[in-house]
Amino acid sequence: MENMKSARKNDTGEVGSDLSEQIKAATKDNHVRAENTQLMLSYQKGQITLPQYKVLLCSLYEIYKALEDELDRNAFHPAVAPIYFPQELSRLESLERDLEHFLGSDWRRKLVVPAATHRYEQRLRDIGRENPALLVAHAYTRYLGDLSGGQVLGKITQKSLGLSSKEGLSFFSFPGVTSPNRFKQLYRSRMNSIELTEAQRAELLEEAVSAFELNIQVFDDLQNMLSVTTATVDQSDSAVPAAALPSSHVMQVTVGLCVALATIGIGIYTF
């Protein structure tokens, strides 16, 4: 509720009416919490491995598939139409190229994602059917976050993984956007033109907060998994080689780590 109150004011303390400004204000605390996790800081330092990045791509694929399926299905909805930019923003095809590059032509059979990703995916499906206007909150947090940090994160990832080319990094590239800053201005303007009642606006602001919380929950789950795993390994006093650990357990921890990294687009950069 406090976030909703702050969403009504701009930086000068005056009441603001722009939806984009209100979303930014409403999610300010959540944004700070997301970007200050240890995993976020680690990613910025270039501490990511190829196995982690592969599973990250799997989760991003499932999230964007749900988001873009629902945006496509509701393209003519009065709240969705103004911010519907499939040519400029669609991430699904680029993620498919990246997954095929790293996992091979049968990459669809190799997709592995944790429950946190499924929860987010299901939320997108639900609101796409029941209240498409709320898709605006998720599109804003995902696309503008990725667009803001795409170039920098692409370079960090390329260097961290020791890649000699940009193959496998299509996700970070927006060839349909010649000027990210100008496009973000256009996107915000289109968002602000959406006609909403006060009740609808409040609901959309709450959904923007939920979008961040769905991602932050992954961090909480991840920290718990890492703590349990670390404690188990410490108690064993390294008596059991890592290779001897159940593969499903190792994959669970790896998946959790990588999906947590999937929130980089909405955590590190201000949009």
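Just above sits the structure.
Quick summary incoming for the structure in this document. Here the structure is a predicted model, which is why all the values come from computation and not from measurement.

Secondary structure assignment for the protein yields 13 helices and zero strands. Written out in order from the N terminus, the α and β elements of the protein read α-α-α-α-α-α-α-α-α-α-α-α-α. Relative to its 271 residues, the protein shows a buried fraction of 50%. The long-range fraction of contacts in the protein, counting pairs at least 24 apart against all pairs at least 6 apart in sequence, stands at 83%.

Another point: the environment of Arg 123. Of note, Arg 123 is situated in helix H8 (residues 115-130). Distance in space between the C-alpha atoms of Arg 123 and Ala 211 is 9.2 Å, their sequence separation being 88 residues. When residues no more than four places from it in sequence are discounted, the contact partners of Arg 123 are Leu 134, His 138, Glu 207 and Leu 214.

With twelve residues, helix H7 (residues 92-103) should cover 16 Å at 1.5 Å per step; its first-to-last C-alpha distance of 16 Å lies within 8% of that length. Buried residues in H7 make contact with helix H5 (50-73). In the segment just after H7, Gly 104 is the residue with positive phi, at about 95°.

To continue, consider the packing of aromatic side chains. Evaluated as defined, the whole model comprises nine aromatic pairs. Taken together, a centroid distance of 5.7 Å and an interplanar angle of 90° make the contact between Tyr 53 and Phe 102 edge-to-face. Here the residue Tyr 53 occupies a position in helix H5, and Phe 102 occupies one in helix H7, the gap between them amounting to 49 residues. The two residues Tyr 53 and Phe 102 agree in class, both being buried.

Interaxial distance between H5 and H7 falls to 9 Å at its minimum, and their mutual angle equals 150°. With respect to H7, the element H5 is oriented roughly antiparallel. You can see that H5 and H7 cross each other, and the crossing is left-handed. On H7, the residues touching Leu 50, Tyr 53, Lys 54, Leu 57, Cys 58, Leu 60, Tyr 61, Tyr 64, Lys 65 and Glu 68 of H5 are Leu 92, Leu 95, Glu 96, Asp 98, Leu 99, Phe 102 and Leu 103.

Turning next to the pattern of salt bridges. On inspection of all chains with the given rule, the structure shows ten salt bridges. Of the charged contacts in the structure, one is a salt bridge between Asp 69 and Arg 125, with a shortest N-O distance of 3.1 Å. Remark: Arg 125 occurs in helix H8 and Asp 69 occurs in helix H5; sequence separation between them is 56 residues. Here Asp 69 falls in the partly exposed class, since its relative accessible area comes to 26%. Residue class for Arg 125 comes out buried when judged on its relative accessible area of 17%. Between Arg 73 and Glu 70 there is a salt bridge, with its nearest N and O atoms 2.5 Å apart. Remark: Glu 70 and Arg 73 occur in helix H5; sequence separation between them is three residues, near one turn of the helix. For Glu 70, a relative accessible area of 4% corresponds to the buried category. Connected through shared salt-bridge partners, Lys 65, Asp 69, Glu 70, Arg 73 and Arg 125 make up one network.

What counts, and at which threshold
- Residues numbered from 1 in each chain as written.
- Predicted model: local features only at pLDDT ≥ 70, side-chain atom pairs only at ≥ 80, totals over all residues.
- Heavy atoms only, no water.
- Helix = DSSP H or I, 4+ residues; strand = E, 2+ residues; numbered from the N terminus.
- Buried < 20%, exposed > 50% of the residue type's maximum accessible area, 1.4 Å probe, protein only.
- Contact = heavy atoms within 4.5 Å.
- Expected span 1.5 Å × (residues − 1).
- Phe/Tyr/Trp six-rings, centres within 6.5 Å; stacked < 30°, edge-to-face > 60°.
- Axes fitted to C-alpha atoms, helices over the stretch in contact; angles between N-to-C directions.
- Parallel < 35°, antiparallel > 145°, perpendicular 65-115°, else oblique.
- Left-handed = near helix turned anticlockwise from the far one by under 90°.
- Salt bridge = Lys/Arg side-chain N within 4 Å of Asp/Glu carboxyl O.

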